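# Observations on the three-dimensional arrangement
The primary structure of each chain is shown beneath.
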Protein chains: 2
Amino acid sequence: MRVDGPAVMRRIARVVENGRRHYEDLFADDAGVAIVREPARYVDGRLVVDGTPLVPVGTPTVLAVGARPAVAPLPGVGEVPFVTSDALLRMEDLPSSLAIVGGGPIAVEFAQALRRLDVPVTMVIRAELPLRGEEPEAREAVARILRADGVRLVTSAHGIGLERSPHGVRVRFDGGSAEAAHVLLATGREPTIADLDPAAAGIELEDGGARVSPTLATTAPGVFAIGDAIAGDHRRYQFTHVATHEGPQVAENALRGAAHAPGYAAMPRVTFTDPEVAAVGLTEAEAREHGHDVHVELKLIRQLGKARAVGETEGFVKLVLDRGTQRLLGATVFCAHGGDMLAELTIPLHVHDGDLAPVLATTFAHPTLSEGIKVAVRNALGRLA
Amino acid sequence: MRVDGPAVMRRIARVVENGRRHYEDLFADDAGVAIVREPARYVDGRLVVDGTPLVPVGTPTVLAVGARPAVAPLPGVGEVPFVTSDALLRMEDLPSSLAIVGGGPIAVEFAQALRRLDVPVTMVIRAELPLRGEEPEAREAVARILRADGVRLVTSAHGIGLERSPHGVRVRFDGGSAEAAHVLLATGREPTIADLDPAAAGIELEDGGARVSPTLATTAPGVFAIGDAIAGDHRRYQFTHVATHEGPQVAENALRGAAHAPGYAAMPRVTFTDPEVAAVGLTEAEAREHGHDVHVELKLIRQLGKARAVGETEGFVKLVLDRGTQRLLGATVFCAHGGDMLAELTIPLHVHDGDLAPVLATTFAHPTLSEGIKVAVRNALGRLA
């Protein structure tokens, strides 16, 4: 199959643009919303756009200004052309070859997608496996699948640096190198809030993001921050749905003096590889670090009739429970469209504090992949009873 | 694309056989299970195989003998060769063309699957739309999708009859006919329990299935029935997961004198078309018949970012709520792998009696198709508040 690169990139641009327009249309329907497209910054405590104050001083404010790709200070990074994930999505054609530095969700998503679009891909990561923070079984499987897709995956790479090469860029590392037409730096995302000159409003930053209270108040009265604008540990939660979770609560804090403190214990995280790595709560290692006496339950997807019928046999459901309380602490659903099923475990984790009785009591349709969740729950509770 | 029919049929046979063996292996691992492969029947109140009593009189018994395709008494049905769904799955090659009589889940699943395998398919149904009992929006969409796939769908057909034709079979109906090499009769499934000669044990049948009490006791002491062996209204629930739901409860009834009465209010049903029609609880029409003041919430899948990104934009989430209690009465998730997401609504319907607060409180991952469920819930509760 020959891939029509420009057509692929046009489709991406169209989907992104349609998504943007969809949300703008939602706002346009609401008479109370004004959209201002110019950059804003704080001057003397007031948010100013193009020299004009945007709102009266003291107007309750929620800063949801997001993040942009961070550029790691690799040797040579200043001397070579590189792309970030944002820039790669705006290219007019697929790269003729790609090196990727980084092993997080964005890195593995791009590596697999571009490789399956027939782009030669080399991925160079410092860790032994991609997707730090996820379950080792998922990390090993993703590495295996990327390699099966044809990605050259270089792990445990030390001394990573960049230099120009005759046909593009060379990624050097101790003991080897990789050449490609382009290099994607997928080394995290950093808050853009500093662009607002927040100090001029008394908004303190920390590690590049807003320092916030549990109710997401910044250090400036009446100013709140949500999503990727926030500093520190919150960076574990760089997901759109986290800001969506925070937004309504913080709006009430800002406008009505409420004191909602958004919780993060049941915040889902999904890496959109094929299959998807969908997870919520603590990993097994995190649960042990927290001192739990841990029971682990693993159900392989290939043992499900639906998986064998549709040929989507890769993956597993992994549950991490506390032996004493028999409650769920965390889960990974690693299988085709796992992200769509994760809420079946997020609901008991969030609403029932990990009590799995509601899942056990519920009949799951047969034959489905979601039966893997039900069977894992039944097996775990049966073994702990 | 040329379809290799024999290869397709060999794969089906392999998947079916592997599934059967998987479950047999589960039993083989358990020393307490004996598998007897010969037909059994009741003689003088005892279950007898090949002339030998199988178990002592009075042994607690659960009859889970299932169903087989029912052959509707259509004019001409005795004079033509026809296949049932079971027989079609055992064919060595795909039919060169197929007529289907019937419009239920099995009929539409086979129609779409075979058409997509390039088999010319005509489907003849008595109703105005396929999938009686499901929401009209889903039924209309399935009809549209079948036609878009190239299925000739004849609806509101009266006077359906069969006759031989030079190249196979002709399905006649008032005002027209359809010829095909084979005809699939997909006109329901009937219990096989009569083969056991149940009257010889005092087990009364009704409409071909076992008459049971709410605890699924038959009219013979110590004998219970589950799944498709049961008569009457239970035939709405001809699903494997229903027997799985009943089995453990009835085993306790039989062995320990428990009195579990399985409930069916939150029994999922899935039709495995593309997209899947996944539903639970009451349809809008059923809710109105039950006297509810109904609120309907519809969220279109194409409004979701993930749907547009992956190109799976067909479908909707439909919620049926009682206006007064604001509780969920039923739901249809009609979208790609909808069956895998249905438990996100089955849990609140079954465990919380339709209270949707747990779903509203839970953060769903973005971007996913399951967000359609979350958004529909949020919109419904927002409008009813």
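Residues numbered from 1 in each chain as written. Chains lettered and ligands numbered in written order. Predicted model: local features only at pLDDT ≥ 70, side-chain atom pairs only at ≥ 80, totals over all residues.

## What about the overall build of chain A?
- Looking only at helices and strands, one finds eleven helices and 21 strands in chain A.
- The C-alpha radius of gyration of chain A comes to 23 Å, within 12% of the 21 Å expected for a compact globule of 385 residues.
- Each principal axis of the C-alpha distribution contributes one length, and for chain A these read about 65 × 60 × 40 Å.
- For chain A, the residues scored as buried account for 43% of the 385 residues in total.
- When contacts within chain A are restricted to residue pairs at least 6 apart in sequence, those whose partners lie at least 24 apart make up 61%. (Helix = DSSP H or I, 4+ residues; strand = E, 2+ residues; numbered from the N terminus. Rg over C-alpha atoms; globule rule 2.2 N^0.38 Å. Buried ≥ 20, exposed ≤ 12 C-beta atoms within 10 Å, placed from the backbone. Contact = placed C-beta atoms within 7 Å.)

## Focus on the sheet that holds strand β17 (residues 269–271) of chain B
Residues and elements named next belong to chain B.
- With respect to topology, five strands assemble into an open sheet ordered β17-β18-β21-β20-β19, the strand pairing being antiparallel. In this open sheet, the two strands that pair with only one neighbour each are β17 and β19 (294–300). Sheet twist, expressed as the average angle between the axes of neighbouring strands with direction ignored, equals 10°.
- Where β17 and strand β18 (residues 276–281) come together, three bridges link them in antiparallel fashion. When the bridges of β18 are listed, V270 appears paired with A278.
- Contacts from helix α11 (residues 371–384) reach β19, β20 (316–322) and β21 (327–335), with the element oriented near 145° to β19. (Pairing = 2+ DSSP bridges. Axes fitted to C-alpha atoms, helices over the stretch in contact; angles between N-to-C directions.)

## Quick notes on the environment of L162 of chain A
Residue and element names in this part refer to chain A.
- Here L162 lies in strand β9 (residues 161–165).
- Take L162: there are 22 C-beta atoms within 10 Å of it, and that puts it in the buried class.
- Sequence-wise, L162 and G76 are 86 residues apart; in three dimensions their C-alpha atoms are separated by 4.8 Å.
- Filtering out sequence-adjacent residues up to four positions away, L162 remains in contact with L74, G76, V77, V80, F82, V169, V171 and V183.

## Topic: the relation of the copies chain B and chain A
- Of the transformation superimposing chain B on chain A, the axial component is 0.0 Å and the angular component is 180°, with the fit at an RMSD of 0.0 Å. Taken together, the rotation angle and the small translation identify this as a two-fold axis.
- Both copies share a contact surface, since 100% of the interface residues of chain B are interface residues in chain A too. (Least-squares fit on C-alpha atoms with pLDDT ≥ 70 in both.)

## Digging into the domain arrangement of chain A
- Assigned domains within chain A: domain 1 (36–65 + 190–256), domain 2 (85–187) and domain 3 (269–384).
- The C-alpha centroid of domain 2 of chain A is placed 33 Å from the C-alpha centroid of domain 1 of chain A. (Domains from an automatic or database assignment.)

## Comments concerning the pairing of strand β2 (residues 46–49) of chain B
Residues and elements named next belong to chain B.
- Bridge analysis of strand β1 (residues 40–43) against β2 gives four bridges, and the strand direction is antiparallel. From the neighbouring strand, A40 faces β2, where its bridge partner is V49.
- Once β1 ends, the chain turns through two residues before running back antiparallel as β2, passing D44 with a positive phi of about 50°.
- Of the pairings in the sheet, the one linking β2 to strand β3 (residues 52–53) comprises two bridges and is antiparallel in character. If you follow V49 over to β3, its bridge partner there is T52.
- Joining the antiparallel neighbours β2 and β3 is a turn of two residues, in which D50 adopts a positive phi near 55°.

## Digging into the interface of chain B and chain A
- Each partner contributes residues to the interface: chain B has 38 residues there, and chain A has 38 residues.
- Counting residues per element, the ones that place at least two in the side of chain B that touches chain A are α1 (5–28), α5 (240–256), α7 (305–310), α8 (338–341), α9 (343–351) and α10 (357–361) of chain B.
- Top element by residues in the side of chain B that touches chain A is α9 of chain B. It accounts for six residues.
- When the residues that make up the side of chain B that touches chain A are grouped by side-chain class, the tally is 19 nonpolar, 16 polar and three charged. (Nonpolar A, V, L, I, M, F, W, Y, C, P; charged D, E, K, R; others polar.)

## Some points on unusual backbone geometry
- Of note, the amide linkage connecting D274 of chain A to P275 of chain A takes the cis form, showing an omega dihedral of 0°.
- Examined against the element boundaries, P275 of chain A turns out to sit in the loop between β17 (269–271) and β18 (276–281).
- Cis geometry marks the peptide bond from H366 of chain B to P367 of chain B, where omega comes out at -10°.
- Its location among the elements puts P367 of chain B in the loop between α10 and α11.
- Even without a glycine there, the phi angle at D207 of chain A is positive, about 60°.
- Structurally, the position occupied by D207 of chain A is in the loop between β14 (205–206) and β15 (209–210).

## Re the packing of helix α9 (residues 343–351) of chain A against α9 of chain B
- Two numbers describe how α9 of chain A lies on α9 of chain B: the axes approach to 8 Å, and their chain directions differ by 40°. Accordingly, the angle class assigned to the pair α9 of chain A and α9 of chain B is oblique. Our pair here, α9 of chain A against α9 of chain B, has a crossing hand that is right-handed. Side by side, α9 of chain A and α9 of chain B meet where A343, E344 and I347 of chain A of the first sit next to A343, E344 and I347 of chain B of the second.
- Per-class residue counts for the contact of α9 of chain A with α9 of chain B are four nonpolar, no polar and two charged. (Parallel < 35°, antiparallel > 145°, perpendicular 65-115°, else oblique. Left-handed = near helix turned anticlockwise from the far one by under 90°.)

## Remarks on the environment of P367 of chain B
All names here are of chain B.
- For P367, a count of 20 C-beta atoms within 10 Å gives the class buried.
- C-alpha of P367 to C-alpha of D355: the two residues are twelve residues apart in sequence and 25 Å apart in space.
- The contact partners of P367, leaving out residues within four places of it in the chain, are G305, K306 and A309.

## Focus on the sheet that holds β2 of chain B
- Taken in spatial order, the three strands of this open sheet run β1-β2-β3 (chain B), and their pairing is antiparallel. In this open sheet, the two strands that pair with only one neighbour each are β1 and β3 of chain B.

## A few points about helix α11 (residues 371–384) of chain A
All names here are of chain A.
- With 14 residues, α11 ought to run about 20 Å at 1.5 Å a step, and its terminal C-alpha atoms sit 20 Å apart, in line with that.
- The set of residues buried in α11 consists of E371, G372, I373, K374, A376, V377 and A380.
- Considering only its buried residues, α11 is in contact with β19 (294–300), β20 (316–322), β21 (328–335), α8 (338–341), α9 and α10 (357–361). (Expected span 1.5 Å × (residues − 1).)

## Brief notes about the confidence of the model for chain A
- Mean pLDDT over chain A: 95, with 100% of residues reaching 70 or higher.
- As scored by the predictor, the complex reaches a pTM of 0.95 and an ipTM of 0.94. (pLDDT = per-residue confidence, 0-100.)

## A few points about the environment of G188 of chain A
Residues and elements named next belong to chain A.
- On the secondary structure map, G188 appears in the loop between β12 (182–185) and β13 (189–191).
- A tally of 16 C-beta atoms within 10 Å means that G188 is categorised as partly exposed.
- Sequence separation between G188 and P69 is 119 residues; the distance between their C-alpha atoms is 6.0 Å.
- What G188 contacts, discounting residues up to four positions off in sequence, is A70 and G104.

## Some details on the pairing of β20 of chain A
Residues and elements named next belong to chain A.
- With six of seven residues buried, β20 lies mostly within the body of the structure.
- Bridge analysis of β19 against β20 gives seven bridges, and the strand direction is antiparallel. By the bridge assignment for β20, K299 is matched with V317.
- In the sheet, β20 pairs with β21 via six bridges, with the strands oriented antiparallel. When the bridges of β21 are listed, L319 appears paired with A331.
- Turn length for the β20-β21 hairpin, with the two strands adjacent in sequence and antiparallel, is five residues, and the turn residue Q326 shows positive phi of about 60°.

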